[in-house]
Amino acid sequence: MAAEPIPTEPPSLEDDPAFPLHRGGKLEMRSTIPVRNKDDLSLAYTPGVARVCTAIADNPELAYDYTWTSKVVAVVTDGTAVLGLGDIGPAASMPVMEGKSLLFKEFADVDSVPIALSCTGVDEIVDTVIRIAPSFGGINLEDISAPRCFEIEDRLRAALDIPVFHDDQHGTAIVALAALKNAARFVGKPLSELRAVVAGAGASGIAVSKMLIEGGIGDIALSDSKGLIHEGRDGLNPVKERIAAITNRSHLKGSTEEALRGADVFIGLSGSTVHESCVATMSENAIVFALSNPTPEVHPDVARRHAKVVATGRSDYPNQINNVLAFPGIFRGALDVRAHSITEGMKLAAANALADIVGGDLTADYIIPNPFDDRVAPAVTAAVADQARREGVNRI
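Residues numbered from 1 in each chain as written. Predicted model: local features only at pLDDT ≥ 70, side-chain atom pairs only at ≥ 80, totals over all residues. Heavy atoms only, no water.

The name given to the protein chain in an unreviewed UniProt entry is NADP-dependent malic enzyme, with Actinomadura monticuli as the source organism. Taken from UniProt, the Sequence similarities (unreviewed entry) comment for the protein chain reads in full: "Belongs to the malic enzymes family." (UniProt positions renumbered as here; feature names shortened; annotations may be inferred.)

Below is the structure:
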């Protein structure tokens, strides 16, 4: 008779180093003034605080000077598109939102509050954010699934007089444009002569396509699970109809793989797989940004057999397209001048500032700065603030 297996204890969560690091959360709130005696208390709270409240009631703009409003961002999610995990809900999204707040603070000294909403309706989210907005100087939307994210951002931008920024869209787009400008410079092709194929028509794919058009790229063909998006294709939602009107000037139809023949650039934001044989059909000195994470659309080592420049979304390969290069400095710059919005011009200024940091050090493996480069946040901050003043969207 065979011996019964000896029961074993399941591995403890604490055996994974990520869990001890996250125990109790990654954030805390601290006061900026000491309260050592009754005089301090009478100024920080009643009766002294009442005088500040009365002044703000008479002149609401004083809230920017005498509360934290002008320097704090709300990081808002509904938990429907968290990293590569998908719709995991608000509670499970909180470690990511705390992480976002940590990055705001560590990279640009921006204070923020993670807020996970237990609602997913567009009207509910918009209404909730509008109601809490008076407590903040900006709204960073995070991990809200497409296509709802587009309407939510558009409606909040129209309703509020503080910056509203969906980082999954615009952060990726800004860094991708900066990297592509340098990649084009490295391969000796003007951006205006490049034909790109973008796989994935979600939040990032749509935003990257728009940003590259703003940046002056020659043409873009965008694909989704049903193939290339073009005017007149059946079943397009309103967001895809609008992107179809400004992309694919070559009127390509069919699959992503077909569009790659002779293309100069591939940008993957879909989680799908692109075979090596398809990359091999791209133009000479091709550029491949395989950005799905953790599994790129094509392995970077494979892509390098046929492409001159390769970027990914991963930190263990060169040329990481990482949103942390953009969003901390963008909000720092917007908050510093009390901007009432983040414009397309401010996004382009951020992309140009990022690209310029590389300068004469450009190589195939260095088309975008490292997130820990101390020059990044100050350069993006200054560029965004200067552009806000030029466009007149600043308050100070």
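## Comments concerning the side chain of histidine 166
Following the sequence through the fold, histidine 166 ends up in strand 4 (residues 164-166). You can call histidine 166 buried: its relative accessible area is 0%. Within the structure, histidine 166 has its side chain in polar contact with the side chain of glutamine 169 (distance 2.8 Å). Not counting chain neighbours up to four residues away, the residues in contact with histidine 166 comprise Leu141, Glu142, Asp143, Ile144, Cys149, Glu153, Gly171 and Ala203. (Helix = DSSP H or I, 4+ residues; strand = E, 2+ residues; numbered from the N terminus. Buried < 20%, exposed > 50% of the residue type's maximum accessible area, 1.4 Å probe, protein only. Polar contact = N/O pair within 3.5 Å; in protein donor to acceptor, adjacent residues only side chain to side chain. Contact = heavy atoms within 4.5 Å.)

## Observations concerning unusual backbone geometry
With an omega of 10 degrees, the peptide bond running from threonine 46 to proline 47 counts as cis. If you trace the backbone, proline 47 turns up in the loop between helix 2 (38-44) and helix 3 (48-58). With an omega of 0 degrees, the peptide bond between alanine 146 and proline 147 qualifies as cis. Tracing the chain through its elements places proline 147 in the loop between strand 3 (138-141) and helix 7 (148-159). Its identity as a non-glycine residue notwithstanding, histidine 251 has a phi of 60 degrees, on the positive side. Positive phi values are uncommon outside glycine, yet asparagine 319 reaches one of about 60 degrees. Take asparagine 319: it is sitting in the loop between strand 10 (307-312) and helix 14 (327-336).

## Some remarks on the packing of aromatic side chains
As enumerated under the stated definition, the model contains four aromatic pairs in all. Where phenylalanine 104 meets phenylalanine 331, the ring centres are 5.5 Å apart and the plane angle is 80 degrees; that geometry is what we call edge-to-face. Pair noted here: phenylalanine 104 is in helix 5 (residues 89-108) and phenylalanine 331 is in helix 14, with a separation of 227 residues, a long-range link. Residues phenylalanine 107 and phenylalanine 372 carry aromatic rings whose centres are separated by 5.7 Å and whose planes lie at 50 degrees to one another, so their mutual orientation is tilted. Remark: phenylalanine 372 occurs in the loop between helix 15 (344-358) and helix 16 (376-391) and phenylalanine 107 occurs in helix 5; sequence separation between them is 265 residues. A residue is classified by how much of its surface remains accessible, and phenylalanine 107, at 22% relative accessible area, is partly exposed. Classification of phenylalanine 372 by relative accessible area gives exposed; the value is 66%. Put simply, the rings of Phe104, Phe165, Phe327 and Phe331 touch in pairs and so form one group of aromatic residues. Its guanidinium or amino end placed over the ring of phenylalanine 327, lysine 100 lies 3.8 Å from that ring's centre, counting from NZ or CZ. (Phe/Tyr/Trp six-rings, centres within 6.5 Å; stacked < 30°, edge-to-face > 60°. Lys NZ or Arg CZ within 6 Å of the ring centre and 35° of its normal.)

## Let's talk about the pairing of strand 5 (residues 195-199)
Across the five residues of strand 5, five count as buried, placing the element largely inside the fold. What you see with strand 5 is no split at all: Arg195, Val197 and Ala199 on one side and Ala196 and Val198 on the other are buried throughout. Sheet analysis places strand 5 next to strand 6 (residues 219-224), joined by five bridges and oriented parallel. Each bridged residue has a counterpart across the sheet, and for arginine 195 the counterpart in strand 6 is aspartate 219. One crossover worth recording links strand 5 to the parallel strand 6 by way of helix 9 (residues 203-215), and it is right-handed. Where strand 5 meets strand 8 (residues 265-268), four bridges bridge the pair, whose relative direction is parallel. Within strand 8, the residue paired with alanine 196 across the bridge is valine 265. (Pairing = 2+ DSSP bridges. Right-handed = clockwise from strand over helix to strand, strands pointing away.)

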